[in-house]
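Single-letter residue listing:
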Amino acid sequence: MAGGEDIRLDPWGAIEIKDYNRLFRVFGIRPFIEVARLLRHAGMEPSLHMRRGIIFGHRDFDKVLLAKARGEPVAVLTGFMPSGRFHFGHKLTVDQLIYYQRNGFKIFVALADAEAHIVRRMPREESFRIAVEEYVANMIALGLDPKKTEFYFQTNRDTPYYRLVQLFAGKVTAAEMEAIYGDLSPAKAMAALTQAADILHVQLEEYGGYKHVVVPVGADQDPHLRLARDLADRMHGIIKLERPASTYHKLQPGLDGKKMSSSRPDSTIFLTDPPETAKKKLFKALTGGRATAEEQKRLGGIPETCSVYHMDLYHLIPDDKELDKIYTACRTGELLCGQCKAIAWEKLEKFLEEHQRKLEKAKNIAWSIIETPRF
Ligand code: SF4
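Only a predicted model underlies this, so the values are computations on that prediction, with no experimental measurement involved. (Residues numbered from 1 in each chain as written. Predicted model: local features only at pLDDT ≥ 70, side-chain atom pairs only at ≥ 80, totals over all residues. Heavy atoms only, no water.)

1. Describing the overall build of the protein chain
Here is step 1 of the chain: Along the protein chain, the regular secondary structure elements total 17 helices and seven strands.
Here is step 2 of the chain: Computed over the C-alpha atoms, the radius of gyration of the protein chain is 21 Å, within 12% of the 21 Å expected from 2.2 N^0.38 for a compact globule of 375 residues.
Here is step 3 of the chain: The principal-axis extents of the C-alpha atoms in the protein chain amount to approximately 70 × 50 × 45 Å.
Here is step 4 of the chain: Burial statistics for the protein chain: of 375 residues in total, 54% are counted as buried.
Here is step 5 of the chain: Counting only contacts in the protein chain whose residues sit at least 6 apart along the sequence, the fraction spanning at least 24 positions is 77%.
Here is step 6 of the chain: Counting every atom, the protein chain has about 16,800 Å² of accessible surface; 52% of that belongs to carbon and sulfur.
Here is step 7 of the chain: Averaging the locations of the 55 positively and 50 negatively charged side chains of the protein chain gives two centres separated by 2 Å. (Helix = DSSP H or I, 4+ residues; strand = E, 2+ residues; numbered from the N terminus. Rg over C-alpha atoms; globule rule 2.2 N^0.38 Å. Buried < 20%, exposed > 50% of the residue type's maximum accessible area, 1.4 Å probe, protein only. Contact = heavy atoms within 4.5 Å. Areas by Shrake-Rupley, 256 points an atom, 1.4 Å probe, with all protein chains shown as cover. Lys, Arg positive; Asp, Glu negative; His and termini not counted. Charge placed at Lys NZ, Arg CZ, Asp CG, Glu CD.)

2. Structural notes on the packing of aromatic side chains
Here is step 1 of the chain: Enumeration over the complete set of coordinates arrives at twelve aromatic pairs.
Here is step 2 of the chain: Each ring, one from Phe128 and one from Phe153, has its centre 5.5 Å from the other, and the planes form 75°; the classification is edge-to-face. Taken together, the residues span a long stretch of sequence, with Phe128 in helix H8 (residues 124-142) and Phe153 in strand E5 (residues 149-153) at a distance of 25 residues.
Here is step 3 of the chain: Classification of Phe153 as buried rests on a relative accessible area of 1%.
Here is step 4 of the chain: An angle of 75° between the planes, with centres 6.1 Å apart, marks the rings of Tyr152 and Tyr161 as edge-to-face. Assigned by exposure class, Tyr152 and Tyr161 land together as buried.
Here is step 5 of the chain: One aromatic cluster in this structure is built from Phe32, Phe61, Tyr99, Tyr100 and Phe105.
Here is step 6 of the chain: Taking the ring centre of Phe108 as reference, the NZ or CZ of Lys106 above it sits at 5.4 Å.
Here is step 7 of the chain: One cation-aromatic arrangement involves Arg157 over Tyr152; the distance from NZ or CZ to the ring centre is 3.9 Å. (Phe/Tyr/Trp six-rings, centres within 6.5 Å; stacked < 30°, edge-to-face > 60°. Lys NZ or Arg CZ within 6 Å of the ring centre and 35° of its normal.)

3. Here's the deal with the domain arrangement of the protein chain
Here is step 1 of the chain: Considered domain by domain, the protein chain is made up of domain 1 (21-251) and domain 2 (265-362).
Here is step 2 of the chain: Summarising the inter-unit geometry, the C-alpha centres of domain 1 and domain 2 are found 30 Å apart.
Here is step 3 of the chain: Taken together, the contact between domain 1 and domain 2 spans 20 residues of the former and 22 residues of the latter.
Here is step 4 of the chain: Carbon and sulfur atoms make up 60% of the area that domain 1 and domain 2 hide from each other, which totals about 1,800 Å².
Here is step 5 of the chain: For the domain 1 face of the interface with domain 2, the top three residues by lost area are Arg52, Arg85 and Phe88, together amounting to 39%.
Here is step 6 of the chain: For the pair domain 1 and domain 2, the number of links is three salt bridges. (Domains from an automatic or database assignment. Buried area = accessible area lost by both parts, 1.4 Å probe. Salt bridge = Lys/Arg side-chain N within 4 Å of Asp/Glu carboxyl O.)

4. Some remarks on helix H6 (residues 88-102)
Here is step 1 of the chain: If you check H6, its first and last C-alpha atoms are 21 Å apart, about what 15 residues at 1.5 Å a residue would give, namely 21 Å.
Here is step 2 of the chain: The element H6 is extensively covered by neighbouring structure, given that 13 of its 15 residues are classed as buried.
Here is step 3 of the chain: In the segment just after H6, Gly104 is the residue with positive phi, at about 90°. (Expected span 1.5 Å × (residues − 1).)

5. Thoughts on the nonpolar core
Here is step 1 of the chain: In this structure, Phe61, Tyr100, Phe105, Met139 and Leu348 are the most contacted members of the largest nonpolar core, which totals 73 residues.
Here is step 2 of the chain: For this core, the leading source of residues is H8, giving eleven residues.
Here is step 3 of the chain: Residue-level mapping places this core at the junction of two domains, with at least three residues from each of domain 1 (21-251) and domain 2 (265-362).
Here is step 4 of the chain: For Leu348, the contacting residues outside a window of four places in its chain are Phe88, Ile269, Ala278, Leu282, Met311 and Leu316.
Here is step 5 of the chain: Judged by nonpolar contacts, the second largest core, of 42 residues, contains Val217, Leu225, Ala232 and Tyr248. (Core = buried A, V, L, I, M, F, W, Y, C linked by side-chain atoms within 4.5 Å.)

6. Focus: the site of the ligand
Here is step 1 of the chain: Around the ligand sit Thr287, Gly288, Gly289, Gln296, Cys306, Tyr309, Cys330, Leu335, Cys337 and Cys340, and that is every residue in its neighbourhood.
Here is step 2 of the chain: Here the residues of the shell around the ligand are counted per class, giving six nonpolar, four polar and no charged. (Near = heavy atom within 4 Å. Nonpolar A, V, L, I, M, F, W, Y, C, P; charged D, E, K, R; others polar.)

7. Notes on the pairing of strand E2 (residues 55-59)
Here is the key point about a regular strand: its side chains alternate between the two faces of the sheet.
Here is step 1 of the chain: The buried count for E2 comes to five of five residues, which makes it a mostly enclosed element.
Here is step 2 of the chain: Across two bridges, the pairing between strand E1 (residues 30-31) and E2 is antiparallel. Bridge pairing links Pro31 to Gly57 in E2.
Here is step 3 of the chain: Looking at chain direction, E2 and strand E7 (residues 245-249) are connected through four bridges and run antiparallel. (Pairing = 2+ DSSP bridges.)

8. Some words on unusual backbone geometry
Here is step 1 of the chain: Located in the positive-phi region is Asp60, a residue other than glycine, with phi close to 60°.
Here is step 2 of the chain: For Asp60, the position within the fold is in the loop between E2 and helix H5 (61-69).
Here is step 3 of the chain: Its relative accessible area of 18% is what places Asp60 among the buried residues.
Here is step 4 of the chain: Despite not being glycine, Arg121 shows a phi value in the positive range, around 60°.
Here is step 5 of the chain: With respect to the helices and strands, the residue Arg121 is situated in the loop between helix H7 (113-120) and H8.

9. Quick word on the packing of helix H13 (residues 275-283) against helix H17 (residues 337-369)
Here is step 1 of the chain: Contact geometry for H13 and H17: axes closest at 10 Å, N-to-C directions at 150°. Relative to H17, the element H13 is oriented roughly antiparallel. The two elements H13 and H17 meet at a crossing, and its hand is right-handed. Across the interface between the two elements, Pro275, Ala278, Lys279, Leu282 and Phe283 from H13 touch Gly338, Lys341, Ala342, Ala344, Trp345, Leu348, Leu352 and Gln356 from H17.
Here is step 2 of the chain: For the contact of H13 with H17, the per-class residue count stands at nine nonpolar, two polar and two charged. (Axes fitted to C-alpha atoms, helices over the stretch in contact; angles between N-to-C directions. Parallel < 35°, antiparallel > 145°, perpendicular 65-115°, else oblique. Left-handed = near helix turned anticlockwise from the far one by under 90°.)

Structure below.
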């Protein structure tokens, strides 16, 4: 509960966010459009996800852009819990990392093996393999430059990082944690404090001393940002930490219309799905089409509720004019869902073929650069 409205975000849960505007009212997330015009001042063109309103909110991102414009060092931190296969929902975050990297940001990627083990009970060897072969390899194959990226396993970080976790534990009460996250098991409380250390530790001299850090997240991850920002304030006089900035993206709806999740394989397409599997998933995905072709020609479809349109919007059609044509043809009833899926499939098949060709080499690179945990 916050600001009198009953809304709580659960970063580990499956709650769908229906009304993104409430996040502005309730949590004080600011509309992204307010800072978009500073991008060019910082020497950046808006990304596809920014242009299309998929990135809809921020906290303090203006400060990062102004710092970049002054020539100060800027960084991005994100984390992935290695507990399932890499899918198009993950790709959305990685596309943002690639965008920032190409614009001169240092990239840090936390491989949250501690969290996977204590919250999801993942066997450690399995989460190492998933982290390297699913997450790191797919990120490299998508275009993230491993030479300019610092990937790390949480359990491999050293003393200054863990010292932060311990200091943070003394700076927040159980009641405050529950106000942010709801009921918390000790495992989740530990995972939350560790995530705060992930977000803030890159400001320490031992890790590069980056003071302007942005964390791009799905809106459901905001509790971690609120905790990290509060903790940064409370460390004054002990360690100098600045509040991290964040941007918020709308989560891509699953192919079944619910939240996309590795644990429901038909809700998403994995980047390692064989083409015939991916094709089957796409062709049986929930659309915004009408019950009959006659009705669709008369009334038009509803792209806003269509998971195929969201694949086009988020990933498959980078050209805005081409996407506009699909949208209009759907709304006017000129395009039927079967034809529209065939267009999406042609693009998806090409993408998967090229991506999977790069993936074997990327796996070898991933194993060669990642230091797997020592215990
Ligand atoms: S025509 Fe395309 S965009 Fe429109 S509802 Fe059907 S699949 Fe979705």
